[in-house]
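Okay, here's what each chain looks like letter by letter:
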Amino acid sequence: MERWQHILKKSLIKAHQLSAEFELDSAKMERVVAEYPARINPYFKSLIKEKDDPIYRQVVPDEQELFDQVGIDDPLNEEGDSPVPSVVHRYQDRALLMLTHQCPVYCRFCTRKRFVGKVAISREMVRKGIDYIRAHEEIKDVILSGGDPLILKDKELEEILKGLREIPHLDIIRIGTRVPGALPQRITHKLCRMLRKYHPLYMNINFIHPREITDEVAIACGRLADAGIPLGSQTVLLRGINDDPEIIKELMQKLLAIRVKPYYLYQADLTRGTEHMRTPVECGLEIMKGLQGRISGMAIPKFVIDLPAGGGKIPMLPPDFVIDMNEREVLLKNYEDKIYSYPQPEHEPEHDKVGCDDCLR
Ligand code: SF4
């Protein structure tokens, strides 16, 4: 067994372990964990400094998860776009392939709360997913997801990557993961040597709070980047955890410094069991306004809402950046609230052949 597997094995999972560790009511813990499984591995637990801090809130079960009257089990209607159980095929040229229901930690805000840690994805289901992708030539880009694909053993993951790389029409493979930030010991040299055989390979990593950027995480991301894998980040805005311009600014700057390019800042999905963590949309817009002009453009993510019921992602910008737009000019307000005019190009009026002396000659 590798070191990361030993660490994972020592995770807090059971209600009595959690209630003893965090001095919580064990009956309440039992009820929450029965509905939504918990896993806090010892590395991630070591980042918790005190009760209710931004790391604690991400992973310690909360009774409020059971009282959500707003959220829905499958907020993005992934099941409606699922031709076979392991695949979500919403956009024509891209598909999501789920490899596992396991993760390095079970995030309380997870969009796939309905099945992570609960409903297993068998190897046969994954094989059928690969068959589906092989049979659909329009799919050029596959996103490996779950659960967390990097929780699979190297051999299992390689078998899947090899199977996908044998599909001639598939150009890009992306991996969506929280492992580099939540269990960085998993990013071994051996794993990176294996991954680099399957380029072009991209990785989008889930990071929520700047306290997750530790020395171990910097080493893990450095190894992946050295293996030639472009790294992007995905961050969900969460109430009382990272809903603050200064926190997001610090996170984005730290990510860039460890070679992870900020990619998406997400408005939280309408997932059942997470309503107490959702922020108003204005909060994300204010944060985006606060980043503009104050940090490198390289460190600014795209703020998006993934529309309920599978409507897709919509990029959101603070509305007051564009004050007015007409044929002559665009009036814009910059990050210091100063107003500027950007002139539109002047087009020649359309040529009037009937009234033109040259044409009549
Ligand atoms: S690691 Fe990803 S899939 Fe797993 S619980 Fe966290 S957000 Fe959900």
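Because the structure is a prediction, the values reported are computed rather than measured.

The rules behind each value
Once a new chain begins, its residue numbering starts again from 1 and follows that chain's sequence as written. Given that the model is predicted, a residue must reach a pLDDT of at least 70 before its local features are reported, and side-chain atom pairs must reach 80 or more before they are shown or counted; all residues, however, enter totals for whole chains, interfaces and linings. Working from all heavy atoms in the structure, the side-chain values ignore hydrogens and water. Here a residue counts as near a molecule or strand whenever at least one of its heavy atoms sits within 4 Å of it. The residue classification treats Ala, Val, Leu, Ile, Met, Phe, Trp, Tyr, Cys and Pro as nonpolar and Asp, Glu, Lys and Arg as charged. All others, Gly included, are polar. Strand pairing is assigned whenever DSSP identifies at least 2 bridges connecting the two strands. Secondary structure elements follow DSSP: runs of H or I no shorter than four residues count as helices, runs of E no shorter than two count as strands, and numbering proceeds from the N terminus. Here an angle of 0 to 180 degrees is reported between the N-to-C directions of two axes, which are lines fitted to C-alpha atoms, with helices fitted over the stretch in contact. The cut-offs for exposure are 20% and 50% of the maximum accessible area for each residue type, with area from a 1.4 Å probe on protein chains only; residues under the lower value are buried, those over the upper are exposed, and the others partly exposed. Here is how to tell: hold the view so the strands point away, follow the path from the first strand over the helix to the second, and if it runs clockwise the crossover is right-handed. Whether two residues are in contact is decided by their heavy atoms: any pair within 4.5 Å suffices.

(A) Inspection of the site of the ligand at higher detail. Taken together, Cys-103, Val-105, Tyr-106, Cys-107, Cys-110, Val-116, Gly-147, Arg-178 and Asn-206 make up all the residues around the ligand. Of the residues in the shell around the ligand, the class split is six nonpolar, two polar and one charged.

(B) The sheet that holds strand S10 (residues 322-325), seen in detail. With respect to topology, three strands assemble into an open sheet ordered S10-S11-S12, the strand pairing being antiparallel. Each having just a single partner strand, S10 and strand S12 (339-343) make up the two edges of the open sheet. For this sheet the average axis-to-axis angle between neighbouring strands, irrespective of direction, equals 15°. The pairing of strand S11 (residues 329-333) with S12 spans five bridges and is antiparallel. Bridging from a neighbouring strand, Val-330 pairs with Tyr-342 of S12.

(C) Summary view of the pairing of strand S4 (residues 172-177). Across the six residues of S4, five count as buried, placing the element largely inside the fold. Direction of pairing for strand S3 (residues 141-145) relative to S4: parallel, over a ladder of four bridges. Looking across to S4, one finds that Val-142 is bridged to Ile-173. A crossover connection joins S3 to the parallel S4 through helix H7 (residues 154-165); in handedness this β-α-β unit is right-handed. The pairing of S4 with strand S5 (residues 201-206) spans five bridges and is parallel. Among the inter-strand pairings, Thr-177 is bridged to a residue of S5, identified as Ile-205.

(D) Structural detail: unusual backbone geometry. Backbone torsion omega between Gly-146 and Gly-147 reads 15°, so that peptide bond is classified as cis. Assignment of secondary structure puts Gly-147 in the loop between S3 and H7. Cis geometry is adopted by the peptide bond preceding Pro-200, which originates at His-199 and carries an omega value of -5°. With respect to the helices and strands, the residue Pro-200 is situated in the loop between helix H9 (189-195) and S5. A positive phi angle, close to 50°, is found at Asn-77, a residue other than glycine. Of note, Asn-77 is situated in the loop between helix H5 (56-59) and strand S1 (87-88). A positive phi angle is found at Ala-309, which is not glycine, with a value near 65°.

(E) The arrangement of the sheet that holds strand S8 (residues 302-307) in detail. Read across the sheet, nine strands follow the order S1-S2-S3-S4-S5-S6-S7-S8-S9 without closing on themselves; strand pairing throughout is mixed. Each edge of the open sheet is held by one strand with a lone partner, namely S1 and strand S9 (312-315). Relative to strand S6 (residues 231-236), S5 runs parallel, the two sharing four bridges. Across the sheet, the residue bridging to Met-203 is Leu-231, located in S6. Sheet strands in contact with helix H6 (residues 123-135) are S1, strand S2 (94-98) and S3, and its direction is about 170° off that of S2. Packed on one face of the sheet, helix H12 (residues 281-291) meets strand S7 (261-266) and S8 and runs near 160° to S8.

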